Amino acid sequence: MFDFSIVTDWIHAMLTSAMPDGLAIFIECVLIGVFMYAIIAMIMIFMERKVCAAFQCRLGPNRVGPWGVFQLFADVVKMLIKEIIVIRHSDKFLYNLAPYIVILGSILAFACIPINKGMEVLDFNVGIFFFMAASSIGVVGILLAGWSSNNKYSLIGAMRSGAQMVSYELSVGLSILTIVVLTDTMQFSQIVERQADGWFIFKGHIPALIAFVIYLIAGNAEVNRGPFDLPEAESELTAGYHTEYSGMHFGFFYLAEFMNLFIVASIAATIFFGGWMPLHISGWDGFNQVMDYIPGFVWFFAKAFFVVWLLMWIKWTFPRLRIDQILHLEWKVLVPIGLVNLLLMTVCVVFGWHF
């Protein structure tokens, strides 16, 4: 597996030789933000439209450019030139701050994702802990957006979102903790490398499979996607917590939602499907050798977008739940199952019952 740290170290050395260290790091962060965060977000938006259209027996965008590809760029330009409307009776400071907090939490969580060996922004021994902390920042921005807008629909949507996201973070944490018990590490790169001889979804035994199903459900609820999109229920709350936002402020919420969806899928691909590790089958040496020729980042993106497709399938298949059903599912179903599953994984590790 090619180590991309050779390339990244070369780029960093080239930049630092021509400019101060601080400026070099700033340029590197901007490049990562523009070429990775923005491009992936645009791919996600286009994929959402096409997958939604396929499930509803439609064509989706098909007029602007081949297969409607340029429709996305047209929408980006439209979003950028939209006027940012100032709400008269809002808390202007918090109202303007909220979108940036939401996007900040998304960017920090995105920085934890290991795309390939040596191709991660943040990789340290408490990566899981940092990811959980960073991904929790977004709910603060959502609550601020709902309260500062001085709109009853926004406030109700923010309260729903806060209750839902805080609740389902527990199930997400239990699912990830199940894999931490299996691997005995909280470092993402180490979790990936310990799947070199088999992905945890296969060799982690039944607890890993249960953890994946819980993570899939809880992760979908964590990013306010259907059927858990009560905070943005159009039939009840117009647009929920971002009803009063327009222009690029609304664009930040829109962008963060799709990036959070990709982040949830990426973490699932990392801890359950081996991240950048290729598919190996014991005894199939020829097959394994062919799989090794495929670059690690190709494996990672293929797995991540497969999980994204699963989450979109869930959204466009199941009807929207009520808020009491959402909280009942979390506290009376997923949390007890997650706790028992964590105990089961601990027993499997202690007695060596996993593959």
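Residues numbered from 1 in each chain as written. Predicted model: local features only at pLDDT ≥ 70, side-chain atom pairs only at ≥ 80, totals over all residues. Heavy atoms only, no water.

(A) Structural context of the overall build of the chain. Within the chain, the regular secondary structure consists of 15 helices and 0 strands. The C-alpha radius of gyration computed for the chain amounts to 21 Å, which stays within 12% of the reference 20 Å derived for 355 residues, consistent with globular compactness. Expressed as lengths along the three principal axes of its C-alpha atoms, the size of the chain is roughly 65 × 60 × 45 Å. Burial statistics for the chain: of 355 residues in total, 48% are counted as buried. Long-range contacts, defined as pairs at least 24 residues apart, comprise 78% of the intrachain contacts of the chain with a sequence gap of at least 6. Of the side chains in the chain, 19 bear a positive and 25 a negative charge, and the two mean positions are spaced by 12 Å. (Helix = DSSP H or I, 4+ residues; strand = E, 2+ residues; numbered from the N terminus. Rg over C-alpha atoms; globule rule 2.2 N^0.38 Å. Buried < 20%, exposed > 50% of the residue type's maximum accessible area, 1.4 Å probe, protein only. Contact = heavy atoms within 4.5 Å. Lys, Arg positive; Asp, Glu negative; His and termini not counted. Charge placed at Lys NZ, Arg CZ, Asp CG, Glu CD.)

(B) View of the side chain of Asn288. Along the polypeptide, Asn288 turns up in helix H13 (residues 285-292). Judged by relative accessible area, Asn288 falls into the buried class, the value being 11%. Here Asn288 is in contact with Leu279, His280 and Ile281, once residues within four sequence places are set aside.

(C) Just the side chain of Ser90, in detail. Of note, Ser90 is situated in the loop between helix H3 (71-81) and helix H4 (92-110). Among the polar contacts listed, one links the side chain of Ser90 to the backbone oxygen of Ile87, at a separation of 2.9 Å. Here Ser90 is in contact with Tyr95, Ser148, Ser149 and Asn150, once residues within four sequence places are set aside. (Polar contact = N/O pair within 3.5 Å; in protein donor to acceptor, adjacent residues only side chain to side chain.)

(D) Examining helix H5 (residues 127-135) more closely. Looking only at H5, the buried set comprises Gly127, Ile128, Phe131, Met132 and Ala134. Seen end-on, H5 carries its buried residues on one side only, within an arc spanning 165°. Contacts made by the buried residues of H5 are with H4, helix H6 (138-148), helix H7 (152-183), helix H8 (188-193) and helix H12 (247-271). (Arc of directions from axis to C-beta.)

(E) Structural detail: the environment of Lys82. By secondary structure assignment, the location of Lys82 is in the loop between H3 and H4. Judged by its relative accessible area of 49%, Lys82 is partly exposed. C-alpha of Lys82 to C-alpha of Phe250: the two residues are 168 residues apart in sequence and 10.0 Å apart in space.

(F) Inspection of unusual backbone geometry at higher detail. Residue Asn150 is not a glycine yet carries a positive backbone phi of 60°. Along the chain, Asn150 turns up in the loop between H6 and H7. Of the residues examined, Asn150 reaches a relative accessible area of 53% and is grouped as exposed. The backbone of Asp184 sits at a positive phi, close to 60°, despite the residue not being glycine. Tracing the sequence through the fold places Asp184 in the loop between H7 and H8.

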